[in-house]
Amino acid sequence: MNNYKEILKTTLIGFRPDFLYRNPILLITEISMVLSIFAILFNAAFQLTFSISYQEFYVAVVLLLFLTIFFANLGYAISEGQSRSIVDSLQKFRKESTANLITSEGTTVVLSSTLKKGDFVIVNRGEDIPMDGEVVEGNAYVSEANISGESRPVLKVLGDSVTGSTHLLTDTLKVRITSDPGETFIDKMIDLVKKSSRERTPNEIALTVLLSGFTLIFLMVVSVLYAESSYTGLVPNLIFLIVLFICLIPTTIGSLLTAIGIASVNRMSSFNVMAKSGRAVENAGDIDSIILDKTGTITMGDREAKEFYPASGISAEKFIRYCYASSINDQTREGMSIVKTCKGRLGDIDAQDFKDYEFIPFSAENKYSGITKGQDYVIKGSLRALENKFGIKDLSIEGICKQISSTGGTAIPVAAGGKFVGVIEMTDMLKPGIKERLELLHKMQIKTIMCTGDDEITAKQISSEAGIDEYVSNSSPEDKFNVVVNEKNKSRMVAMVGDGTNDAPALARADVGLAMNSGTPAAKDASNMIDLDNDPTKLIDIIFIGKQILITRGALTTFSFANDLSKYFVILPAVFSSFSFLSFLNVLDLTNPLLAITSALVFNTFIILVLIPMALKGVKFKPSSVSELLKRNIFVYGIGGLILPFIAIKLIYVALAFVGVGW
């Protein structure tokens, strides 16, 4: 009930001129309503015909003008109400909790609101994560159901981002706090939704300027008609001219434009994607090229160790121990999978044998990880990275890598003691349905580019299997950035997805940058969209939503202008009924001018109410080329928009006459 009251309150507040000034069409409609009331009250001064029938007609005109503004404000109020609901749901996640703050004297229990960026906390099983942070030690499963709605827990490992108010289900994590109070992920999301609900996009502003231009032209036309009529000695009926003016200007799209803009951001939010601006949503609809990672986007992403291939002269058991040593401190999913598989093959391995070794973590720049102690080391990584680092080469190892890559697997060579000791085969599968979804992008003439750290053979195999247009193998963060720049230099709109700090430059340069909620703070700051579900393939859905939003605005604009053209054939012969030479325009044979004008104004008013659901939900979208979309838009909303008013106005005319409205 309170929601309905808020919507009604927002609708009525929308009549204030300081709210309407951003929408010139509605502002001038309200001015026309006020002028009509003024003319009725001082009818003698305006020489209005003032019989009983005309009085009822004048009151009906004022009421319909009021409803025109009311329905337009109603669409805005409903979309604003949806935004408030999103903000309210996010507000619920803001809750005070306790935290185990690490100090020089041990751990101290403090309130989460007192934590600041750079603090370290211990989060134990069953506790809420007190503030946004980054895992610096341990691995555990976290429930993010309150943020993403996904009931399946998420494994958090070293370097992963965690969100305040999510719940730790297993083990213990050491977390470095990455935000100050008031600057958390939820705080930013609340701020983004509030801002997005009020900011107009460049396309919306451009369309508003265009509509304002048409309105100004028709205002001049009606003013000239009034002046010419007065000059010839005929006394024009001011109310007639006001109705003519309102039906000439594009009130339909003008009334729904703001609601469409707000609803677009709300639609992204309902998809568990937070858009930082309406412009990002619009950009999604104009994308020409999409850059995708292989792991986690094209493939499942949970790469597991499948097989171990020792080099010549190395026993299988010794090589498995090398693999275990290279991954013993590796907290990535791949590293933990290798350790698990090694234990499965050999049973428990004594980790104490490697306690004095220094761990080398994997990075996108070096493309290897492992352990080292003086001149002794066990390192795993990409073939090229290990060849360059140690200056070693082994044709048999290269052959094994090519064989693994040819089947779509990932080959990870292992080096120790100045030579290659074998290759680990990691398996990953295409995500279910990814091939079909990429095919939909091709139907929309969107180019797909896959960036992967895998070698040329693996990249070629996966891209061929998935239907990718182009691929970049052995890619580095600089390569991703360069791909974005190269595509933009071709005057193409580019979208990409990322979650690491090394993805930040490319995310910032792309027209649509989608970061994962589990990604690093740098990635989330650089992007203009954040996916709460951590699903990289959602970038494809975002493009579909962006296309739908642009099509919705285009469809309603086409429909509005087509409607106006049809209404001319009703309004002009009725307003100028004394001019017999205009009778040929009266194709509907509406013999009562007052009733014809009323019928046209009723249609002009209530079509806004009918189209509000379409503006909020969007036009049904079927992936296809630009030319096909244009043809459909012209046929359905252009020709349909021309025909519908004739049918509807005739039916309204007959219905009004049937119930005895004759003026």
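Residues numbered from 1 in each chain as written. Predicted model: local features only at pLDDT ≥ 70, side-chain atom pairs only at ≥ 80, totals over all residues. Heavy atoms only, no water.

Undergrad: Could you clarify how one ought to interpret the overall build of the chain in this entry?
TA: Looking only at helices and strands, one finds 24 helices and 22 strands in the chain. By the compact-globule yardstick of 26 Å for 663 residues, the chain is too spread out, its C-alpha radius of gyration being 33 Å. For the chain, the spread of C-alpha atoms along the principal axes amounts to about 110 × 55 × 40 Å. When the 663 residues of the chain are sorted by exposure, 53% land in the buried category. Taking the contacts inside the chain whose residues are at least 6 apart along the sequence as the reference set, 70% of them involve residues at least 24 apart. Surface exposure of the chain reaches about 29,400 Å², of which carbon and sulfur atoms provide 58%. (Helix = DSSP H or I, 4+ residues; strand = E, 2+ residues; numbered from the N terminus. Rg over C-alpha atoms; globule rule 2.2 N^0.38 Å. Buried < 20%, exposed > 50% of the residue type's maximum accessible area, 1.4 Å probe, protein only. Contact = heavy atoms within 4.5 Å. Areas by Shrake-Rupley, 256 points an atom, 1.4 Å probe, with all protein chains shown as cover.)

Undergrad: Can you help me understand the sheet that holds strand β8 (residues 167–168) in this one?
TA: As a general point, the strands of a sheet are linked pairwise by backbone hydrogen bonds and lie either parallel or antiparallel. Read across the sheet, 3 strands follow the order β6-β5-β8 without closing on themselves; strand pairing throughout is antiparallel. At either end of the open sheet lies a strand with only one pairing partner, and these are β6 (154–156) and β8. Pairing between strand β5 (residues 140–143) and β6: 3 bridges, direction antiparallel. Following the sheet pairing, Ala-140 is matched in β6 by Lys-156. (Pairing = 2+ DSSP bridges.)

Undergrad: I tried to follow empty space enclosed by the protein on my own but got confused; where do I start?
TA: Using a probe with the size of a water molecule, rolled over the atoms, empty space left in the structure can be pinpointed. Counted under the stated rule, the structure contains 1 cavity of 30 Å³ or more. Looking at the largest cavity, its volume works out to about 70 Å³. As for the largest cavity, its lining consists of 12 residues, and the residues nearest its centre are Arg-22, Asn-23, Pro-24, Thr-208 and Leu-257. Taken together, the elements giving at least two residues each to the lining of the largest cavity come down to α3 (24–41), α8 (202–231) and α10 (251–270). For the lining of the largest cavity, the element with the highest residue contribution is α8, accounting for 4 residues. Classifying every residue of the lining of the largest cavity gives 4 nonpolar, 5 polar and 3 charged. (1 Å grid on protein atoms, 1.4 Å probe; cavity = no way out; pocket = protein on both sides within 12 Å on 5 of 7 lines; lining within 4 Å. Points joined across faces, edges and corners; volume = space filled by probe spheres on them. Nonpolar A, V, L, I, M, F, W, Y, C, P; charged D, E, K, R; others polar.)

Undergrad: Explain the sheet that holds strand β15 (residues 376–381) here, please?
TA: Pairing in this open sheet of 6 strands is antiparallel, and the strands run β12-β17-β16-β15-β14-β13 from one edge to the other. The open sheet has two edge strands with one neighbour each: β12 (304–310) and β13 (358–360). Strand-to-strand twist of the sheet, defined as the mean angle between neighbouring strand axes without regard to direction, takes the value 20 degrees. Note that strand β16 (residues 410–416) and strand β17 (residues 419–427) share 7 bridges and pair antiparallel. Residue Thr-410 lies in a different strand from β17, and its bridge partner there is Met-426. Packed onto the sheet, helix α16 (residues 395–406) meets β12, β16 and β17 and runs at close to 5 degrees relative to β17. (Axes fitted to C-alpha atoms, helices over the stretch in contact; angles between N-to-C directions.)

Undergrad: Got a minute to help me understand the pairing of strand β18 (residues 447–451) in this structure?
TA: As a general feature of sheets, a regular strand has side chains that alternate between the two faces. Among the 5 residues that make up β18, 5 are buried, leaving the element largely enclosed by the rest of the structure. Burial of the side chains of β18 extends over both faces: Lys-447, Ile-449 and Cys-451 are buried on one face and Thr-448 and Met-450 on the other. The pairing of strand β11 (residues 289–293) with β18 spans 5 bridges and is parallel. Residue pairing in the sheet places Ile-290 in a bridge with Thr-448 of β18. Where β18 and strand β19 (residues 470–472) come together, 3 bridges link them in parallel fashion.

Undergrad: Would you take a moment to explain the packing of helix α13 (residues 316–327) against helix α14 (residues 333–346) for this structure?
TA: To characterise two packed helices, one gives the angle between the axes of the helices and the distance between these axes. Two numbers describe how α13 lies on α14: the axes approach to 9 Å, and their chain directions differ by 145 degrees. When the axes of α13 and α14 are compared, the crossing they make is left-handed. Packed against α13, whose contacting residues are Glu-317, Ile-320, Arg-321, Cys-323, Tyr-324 and Ser-327, the element α14 presents Gly-335, Ile-338, Val-339, Cys-342, Lys-343, Arg-345 and Leu-346 at the interface. Its residues assigned to classes, the contact of α13 with α14 comprises 7 nonpolar, 2 polar and 4 charged. (Left-handed = near helix turned anticlockwise from the far one by under 90°.)

Undergrad: Which parts of the structure should I look at to understand the environment of Ile-28?
TA: Take Ile-28: it is sitting in helix α3. Classification of Ile-28 as buried rests on a relative accessible area of 17%. Separated by 68 residues in the primary sequence, Ile-28 and Glu-96 have C-alpha atoms spaced 49 Å apart.

Undergrad: Would you mind going over α13 with me for this structure?
TA: Every α-helix carries 3.6 residues per turn, so stepping three or four residues along brings you back to the same face. Spanning 12 residues, α13 covers 17 Å between terminal C-alpha atoms, matching the ideal 16 Å at 1.5 Å per step. Listed in full, the buried residues belonging to α13 are Phe-319, Ile-320, Cys-323, Tyr-324, Ala-325, Ser-326 and Ser-327. (Expected span 1.5 Å × (residues − 1).)

Undergrad: Explanation requested: the pattern of salt bridges in the structure shown.
TA: Two side chains of opposite charge can pair, provided their charged atoms sit close to one another. In total, this model carries 19 salt bridges according to the counting rule given. With a closest N to O distance of 3.1 Å, Glu-144 and Lys-156 form a salt bridge. In this pair, Glu-144 sits in the loop between β5 and α6 (145–148) while Lys-156 sits in strand β6, placing the two residues 12 residues apart along the sequence. Take Glu-144 and Lys-156: they sit in the same class, and that class is buried. Salt bridges sharing common partners tie together Lys-447, Glu-470, Glu-487, Lys-490 and Arg-492. (Salt bridge = Lys/Arg side-chain N within 4 Å of Asp/Glu carboxyl O.)

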